[in-house]
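Spelled out from the first residue to the last, the chains are:
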Amino acid sequence: MKNIFLILLSITFIATSCQSEKKPEKEKIVIGSKKKSSPEFDLGKELFKGKGNCYSCHRMDKKSIGPSVTEIMKIYKEKNGDIIGFLRQKKDPIVDPDNYAVMKTNFARLEKFTNEELKAIELYMNEATAK
Ligand code: HEC
């Protein structure tokens, strides 16, 4: 009787541990991954330079009012940062906290952006600067 109980217990254990392994992983942009063109990349580029107005403060390779996109992506890769979290004000600045006040002026406008739009901006920033 005791043995049956033990067998049942191990079966339950195996079954539940298999289940937790099967959980689908959330799709995540791999920072530093290779440049490629896609509809999402094009959307990100359009938002970054157009409606998002990001380009007026962020150039690709050199600092202007804000840090360069290359610099931002380098630090986000090193520190495993979360750009969308930052743009949604859920994460603190990790690149240049002293000038956070300037970047903060964008957040009210960014609230109107959908998650897909923010994801496209992140993808563009990543792929446009990837080597
Ligand atoms: C008015 C100028 C200005 C505009 C417009 C602007 N930024 Fe910034 N941004 C800054 C400054 C200054 C910093 C440095 C302060 C900081 O790190 O928060 C910064 C920092 C950042 C950072 C790094 C944050 C960190 O962790 O420190 C990201 C990511 C970023 N901007 C994305 C964007 C995106 C995307 C847009 C367009 C939707 C945008 N910025 C528009 C000025 C601007």
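These remarks concern the structure in this document. (Residues numbered from 1 in each chain as written. Predicted model: local features only at pLDDT ≥ 70, side-chain atom pairs only at ≥ 80, totals over all residues. Heavy atoms only, no water.)

As a further point, take the site of the ligand. Around the ligand sit 24 residues in total, of which C54, C57, H58, Y76 and M103 are the nearest. The side chain of Y76 places a nitrogen or oxygen atom 2.5 Å from an oxygen atom of the ligand. I94 has a polar backbone atom sitting 2.8 Å from an oxygen atom of the ligand. Taken atom by atom, the bulk of the ligand overlaps the largest pocket. Secondary-structure elements contributing two or more residues to the shell around the ligand are α3 (69–78), α4 (83–87) and α5 (100–104). In terms of residue count, the dominant contributor to the shell around the ligand is α5 (three residues). Among the residues making up the shell around the ligand, the classes are represented as 16 nonpolar, seven polar and one charged. (Near = heavy atom within 4 Å. Polar contact = N/O pair within 3.5 Å; in protein donor to acceptor, adjacent residues only side chain to side chain. 1 Å grid on protein atoms, 1.4 Å probe; cavity = no way out; pocket = protein on both sides within 12 Å on 5 of 7 lines; lining within 4 Å. Sits in = over half its atoms within 2 Å of the grid points. Helix = DSSP H or I, 4+ residues; strand = E, 2+ residues; numbered from the N terminus. Nonpolar A, V, L, I, M, F, W, Y, C, P; charged D, E, K, R; others polar.)

The next point concerns the coordination of the iron atom of the ligand. Within the first shell, the iron atom of the ligand binds the protein through H58 (NE2) and M103 (SD), at distances of 2.0 to 2.1 Å. Each of the six donor atoms bound to the iron atom of the ligand contributes to angles spanning 88 to 179°, and the resulting shape is octahedral. Of this pair, H58 sits in the loop between α2 (39–49) and α3 while M103 sits in helix α5, placing them 45 residues apart in sequence. By the burial criterion, H58 is buried, and M103 matches it. (Donors = N, O, S within 2.8 Å, 3.2 Å for Na, K, Ca; no water. Tetrahedral: all angles 85-135°; square planar, octahedral: opposite > 155°, others 65-115°. Buried < 20%, exposed > 50% of the residue type's maximum accessible area, 1.4 Å probe, protein only.)

What follows deals with the layout of surface pockets. The computed volume of the largest pocket comes to approximately 570 Å³. Lining the largest pocket we find 29 residues, and of these H58, P67, I72, F86 and M103 sit closest to its centre. Of all the secondary-structure elements, those providing two or more residues to the lining of the largest pocket are α3, α4, α5, α6 (107–110) and α7 (115–129). When grouped by side-chain class, the residues that make up the lining of the largest pocket number 19 nonpolar, eight polar and two charged. (Points joined across faces, edges and corners; volume = space filled by probe spheres on them.)

Ranked by size, the top nonpolar core spans 25 residues in total, and within it F48, L87 and M125 carry the most contacts. Of all the secondary-structure elements, those providing two or more residues to this core are α2, α3, α4, α5, α6 and α7. Looking at this core, the element that brings in the most residues is α7, giving five residues. For L87, the contacting residues outside a window of four places in its chain are M103, F107, L110 and L118. (Core = buried A, V, L, I, M, F, W, Y, C linked by side-chain atoms within 4.5 Å. Contact = heavy atoms within 4.5 Å.)

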